Amino acid sequence: MNGYGPRSLDGCAGDTSFEQELVSALNDFANNSPAPHFDATGIQRRSRRKRAGLIAGVAAAVAVAGGGTALATITTGSSSNTSSTAAASSTDATTVMISGKKIDMTGWDSGSAKAALVQVGLKLGTVTEKAVPNCKPTSVIGVSPHSPHSVSPGDTINLTLCTR
């Protein structure tokens, strides 16, 4: 049974009327059905939008989780507490700028902060304590002078520590 004309079945003279109708219907369907249309540019555009949305969502999640705050790291010594991170969301109140480099002392303990200042050639000035809620006792909550003011080796830096 095909659409190329009558055929004979095991020596029979022709097709049955059902077979003829079936072949005719299939030929009509094959000849009249439209070819599928694919909007390739639209599919590509939607794919790019989905990808951009996914990337933006992941970036937002990383920023919210705190993974995106480390923009630069400055190592001032061999101790693990002496590396600092210039955080995008931190204020300049705890950042010392020396020779164009920023050292963000947010949350450093007093011993590490004092050692780091001496190591980069700065002198320790006045150390004051201030009660601030939700901070670690003896951690740095302020430096003076702070960024954007630049200091030179030999200058004096004052620290403000948390007492809670």
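All of the points below concern the structure found in this document. The structure presented is a predicted model; accordingly, all values stated were derived computationally and were not measured.

What follows covers unusual backbone geometry. Going from Ser 144 to Pro 145, the amide bond is cis rather than trans, its omega being -5 degrees. Residue position: Pro 145 is located in the loop between strand S6 (140-144) and strand S7 (150-151). The phi torsion at Ser 99 lies on the positive side, around 55 degrees, for a residue other than glycine. Here Ser 99 shows up in the loop between strand S3 (95-98) and strand S4 (101-104). Judged by relative accessible area, which is 59%, Ser 99 ranks as exposed. For Asn 134, which is not a glycine, the phi torsion comes out positive at approximately 60 degrees.

Now for the sheet that holds S7. What the 3 strands build is an open sheet, ordered S4-S3-S7; its pairing is mixed. Edge positions in the sheet fall to S4 and S7, since each has one partner strand and no second. One ladder, built from 4 bridges, connects S3 with S4; its direction is antiparallel. The partner of Val 96 across the bridge, within S4, is Ile 103.

Let us look at the state of the cysteines. In the structure shown here, the tally under the stated rule is 1 disulfide. What pairs with Cys 135 in a disulfide is Cys 162, and their sulfur atoms sit 1.6 Å apart. Of the two residues, Cys 135 sits in the loop between strand S5 (123-130) and S6 while Cys 162 sits in strand S8 (residues 156-162), which places them 27 residues apart along the sequence. Cys 162 sits in the buried class, given a relative accessible area of 2%.

Further remarks concern the nonpolar core. Ranked by size, the top nonpolar core spans 15 residues in total, and within it Met 105 and Val 140 carry the most contacts. Elements with a minimum of two residues in this core: S3, helix H3 (110-119), S6 and S8. Ignoring sequence-local partners within four residues, the contact set of Val 140 consists of Thr 94, Met 105, Thr 106, Gly 107, Trp 108, Ala 113, Leu 159, Thr 160 and Leu 161.

So, about the environment of Asp 155. With respect to the secondary-structure elements, Asp 155 resides in the loop between S7 and S8. Each C-alpha atom of the pair Asp 155 and Pro 145 lies 9.6 Å from the other, and the pair is 10 residues apart in sequence. Contacts of Asp 155, omitting those with residues within four sequence positions, involve Leu 122 and Lys 123. Separated by 2.8 Å, the side chain of Asp 155 and the backbone nitrogen of Ser 152 make a polar contact.

Together, Arg 45, Arg 46, Arg 49 and Lys 50 make up a region of like positive charge exposed at the surface. Take Arg 46: it is sitting in helix H2 (residues 40-65). On the basis of relative accessibility, which here comes to 44%, the residue Arg 46 falls in the partly exposed class.

Attention now moves to a nonpolar patch on the surface. A cluster of nonpolar side chains, namely Phe 18, Leu 22 and Leu 26, defines an oily patch on the protein surface of about 310 Å² accessible area. Among the secondary structure elements, Leu 26 is positioned in helix H1 (residues 17-32).

In spatial order, the strands read S5-S8-S6; together these 3 strands make up an open sheet with mixed pairing. Every interior strand has two partners, whereas the edge strands, S5 and S6, have only one. Across this sheet, the average inter-strand angle for adjacent strands is 25 degrees, counted without regard to direction. Sheet topology places S6 next to S8; 4 bridges connect them, and they run antiparallel. Directly across from Ser 144, in S8, lies its bridge partner Asn 158. Packing of H3 onto the sheet brings it into contact with S5, S6 and S8, and relative to S8 it is tilted by some 170 degrees.

Reading the values: the criteria
- Residues numbered from 1 in each chain as written.
- Predicted model: local features only at pLDDT ≥ 70, side-chain atom pairs only at ≥ 80, totals over all residues.
- Heavy atoms only, no water.
- Helix = DSSP H or I, 4+ residues; strand = E, 2+ residues; numbered from the N terminus.
- Buried < 20%, exposed > 50% of the residue type's maximum accessible area, 1.4 Å probe, protein only.
- Pairing = 2+ DSSP bridges.
- Disulfide = S-S within 2.5 Å.
- Core = buried A, V, L, I, M, F, W, Y, C linked by side-chain atoms within 4.5 Å.
- Contact = heavy atoms within 4.5 Å.
- Polar contact = N/O pair within 3.5 Å; in protein donor to acceptor, adjacent residues only side chain to side chain.
- Patch = residues over 30% accessible without salt bridge, like charges linked within 9 Å, V, L, I, M, F, W, Y side chains within 5 Å.
- Areas by Shrake-Rupley, 256 points an atom, 1.4 Å probe, with all protein chains shown as cover.
- Salt bridge = Lys/Arg side-chain N within 4 Å of Asp/Glu carboxyl O.
- Lys, Arg positive; Asp, Glu negative; His and termini not counted.
- Charge placed at Lys NZ, Arg CZ, Asp CG, Glu CD.
- Axes fitted to C-alpha atoms, helices over the stretch in contact; angles between N-to-C directions.

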